Amino acid sequence: MMRKDTNQKLERSPLQFVLVQVRFSPIAAMREYVPALQDRLRKLGFPGFNREQIQQFVIGPEPKSETSLRWCFVSRDKREGVVLTEDFVVYETTRYEVFDTFVERVRTVLSELNEIASVDFATQIGLRYIDVIHELDGHEPAWFIRQQFQGLSPDAVGEPEVMNQFFSMIKTSEGLLKLKSIEGCGSSFMPPDLEANRLKFALSLADDAAFRILDFDHIWKGEIDFAPDQIIEKMWAIHGSIGKAFRATVTPEALAVWEAKGSE
């Protein structure tokens, strides 16, 4: 049964990017399952396909560099994608609507993967939201953020420019929620570690635009069967904490502006 998201959808939401990563028991023969999965995902709206080699630096008694494969499946409009490796799968989108439809899309991807590769169990589920706050209705980015998350102002230190970064780690009933608040300027607004350049965004900023990123990354670790229903249930719990953290970070006035009907 589909659950309903109790968080109201914002008409002019600052949310630009959402992903879920599900780590699972490694499958060394994953490449053998990719052709069948690619055909399934192609028919589900992911016709774009790319095979990539990635370098990973492994820290241990003898640090070394390892090469591994990942497979990327992308929608034709480049607004959603799936990334697969031997030990994790990611679903990511830049056209997020509500959590109900997001999890159903995830359920479809997980079901196809499990049917083809017979994944044994999941070991980690991570849900990440990227909000990009920029000037809207005459309000600068800082206006939308509660005072305790804003950092220093140029006037406070007597300098012409200050770029603030705020980091918080929250222990939740489901795991660990990391919150980053980062000031920036320019047309490129995604955190560099996300490698989201395979997707397109609805938002376009000017080269001199000021913005504030709110980056919520909530991770659960444990062991559950790789059953889509169980994973989706865990995602709902993770999602609830992110929603509460978001509303604790922004002001009620900001929510009122984002709820106003219209276009940015």
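Presented here is an overview of the structure given in this document. The residue numbering used here restarts from 1 in each chain and proceeds along that chain's sequence as written. With pLDDT at 70 or above as the cut-off, local features in this predicted model cover only qualifying residues; side-chain atom pairs require 80 or more to be listed or tallied, and sums for whole chains, interfaces and linings still use all residues. Side-chain metrics rest on all non-hydrogen atoms present in the structure, leaving aside hydrogens and water.

1. Side note on the overall build of the chain
Our working definition: Secondary structure elements follow DSSP: runs of H or I no shorter than four residues count as helices, runs of E no shorter than two count as strands, and numbering proceeds from the N terminus. Exposure categories follow from relative accessible area, calculated using a 1.4 Å probe and restricted to protein chains: below 20% of the type maximum is buried, above 50% is exposed, and the middle band is partly exposed. The contact criterion used throughout is that any non-hydrogen atoms of two residues lie within 4.5 Å. Note that accessible areas follow from Shrake-Rupley with a 1.4 Å probe, and for residues the cover is restricted to the protein chains shown.
Within the chain, the regular secondary structure consists of five helices and nine strands. Counting every position in the chain, which comprises 264 residues, the buried fraction comes to 46%. Contacts in the chain between residues far apart in sequence, at least 24 positions, make up 72% of those at least 6 positions apart. Roughly 13,900 Å² of accessible area belongs to the chain as shown, and the carbon and sulfur atoms make up 49% of that amount.

2. Comments concerning the environment of Glu223
Locating Glu223 in the fold gives a position in strand S9 (residues 210-225). With relative accessibility at 59%, the residue Glu223 sits in the exposed group. Excluding anything up to four places from it in sequence, Glu223 contacts Phe121 and Ala122.

3. Focus: the packing of aromatic side chains
Inclusion rule: Any two rings among Phe, Tyr and Trp, with Trp reduced to its six-membered ring, count as a pair given centres within 6.5 Å; such a pair is stacked if its planes are under 30 degrees apart, edge-to-face if over 60, and tilted if neither.
A complete count under the given rule lists 14 aromatic pairs for this structure. Seen in terms of ring centroids, Phe24 and Phe226 are 5.7 Å apart; in terms of plane orientation they differ by 85°. Their pairing is edge-to-face. Taken together, the positions of Phe24 in strand S1 (residues 15-24) and Phe226 in the loop between S9 and helix H4 (228-249) put the pair 202 residues apart, joining distant regions of the chain. For the pair shown, Phe24 and Phe226 are each scored as buried. Connected via pairs of aromatic rings, a cluster forms that spans Tyr91, Tyr96, Phe99, Phe102, Tyr129 and Trp236.

4. Concerning the pairing of S1
Inclusion rule: For two strands to be treated as a pair, DSSP must find no fewer than two bridges joining them.
Of all the 10 residues making up S1, nine are buried; the element is thus mostly covered by neighbouring parts of the structure. Here S1 pairs with strand S6 (residues 121-134) via nine bridges, running antiparallel. Considered in S6, the bridge of Gln21 is made with Gly126. Looking at chain direction, S1 and strand S5 (residues 88-93) are connected through six bridges and run antiparallel. Paired with Leu19 across the strands is Glu92, a residue of S5.

5. Some remarks on the packing of helix H2 (residues 99-117) against H4
What counts here: Comment: axis = line fitted to C-alpha atoms, over the contacting stretch for helices; angle = value between 0 and 180 degrees taken between N-to-C directions. Should the near helix be turned anticlockwise from the far one by less than a right angle, the crossing is termed left-handed; should it be turned clockwise, right-handed.
Relative orientation of the contacting elements H2 and H4 amounts to 150°, with a least axis distance of 10 Å. Where H2 crosses over H4, the handedness of that crossing is right-handed. Side by side, H2 and H4 meet where Phe99, Asp100, Phe102, Val103, Val106, Arg107, Leu110, Ser111 and Asn114 of the first sit next to Pro228, Asp229, Ile231, Ile232, Met235, Trp236 and His239 of the second.

6. Quick look at the pairing of strand S7 (residues 165-171)
Of the strand pairs in this sheet, S7 and strand S8 (residues 176-185) are connected by seven bridges, and their pairing is antiparallel. Along S8, the bridge assignment pairs Lys171 with Leu176. Here S7 folds back onto S8 in antiparallel fashion, the turn holding four residues, of which Gly175 has a positive phi close to 160°.

7. Focus: the nonpolar core
Test applied: In this text, buried Ala, Val, Leu, Ile, Met, Phe, Trp, Tyr and Cys residues form a nonpolar core when linked through side-chain atoms within 4.5 Å.
With 58 residues, the main nonpolar core has Leu84, Phe102, Leu113, Met235 and Trp258 as its most contacted residues. No other element matches the nine residues that H2 contributes to this core. Once residues within four sequence positions are removed from consideration, Leu113 is found in contact with Phe24, Met30, Leu37, Leu84, Val89, Ser118, Val119 and Phe226. One finds Cys72, Val90, Met190 and Leu199 within the second-largest nonpolar core, a separate group that totals 18 residues.

8. A closer look at the packing of helix H1 (residues 30-43) against H2
Going by this rule: Roughly parallel refers to an angle under 35 degrees, roughly antiparallel to one over 145, roughly perpendicular to one between 65 and 115, and oblique to any angle outside these ranges. Side-chain classes follow a simple rule in which Ala, Val, Leu, Ile, Met, Phe, Trp, Tyr, Cys and Pro form the nonpolar group, Asp, Glu, Lys and Arg form the charged group, and the remainder, Gly included, forms the polar group.
Contact pair H1 / H2: the axes reach a minimum separation of 9 Å and the direction vectors enclose 135°. Between H1 and H2, the interaxial angle falls into the category oblique. Considering how the two elements wind past one another, H1 and H2 form a crossing that is right-handed. Judged by residue contacts, Met30, Tyr33, Ala36, Leu37 and Arg40 of H1 engage Glu112, Leu113, Glu115, Ile116 and Ala117 from H2. Of the residues assigned to the contact of H1 with H2, the class counts are seven nonpolar, no polar and three charged.

9. Brief notes about unusual backbone geometry
One non-glycine residue, Lys78, adopts positive backbone phi at about 60°. Mapping Lys78 onto the fold places it in the loop between strand S3 (64-74) and strand S4 (80-84). Look at Ser118: it is not a glycine, yet its phi comes out positive at around 50°. Position of Ser118 relative to the elements: it lies in the loop between H2 and S6.

10. As for the side chain of Arg198
The criterion, for reference: Under the rule applied, a polar contact is a pair of N or O atoms within 3.5 Å (in protein, one hydrogen donor and one hydrogen acceptor; residues adjacent in sequence only if both atoms are side-chain atoms).
Within the fold, Arg198 resides in the loop between S8 and S9. A distance of 2.8 Å separates a polar atom in the side chain of Arg198 from a polar atom in the side chain of Glu92. The contacts of Arg198, once residues within four sequence positions are left out, are Glu52, Arg70, Cys72, Val74, Lys78, Val83 and Glu92.

Taken by themselves, the reported measurements are silent on function.
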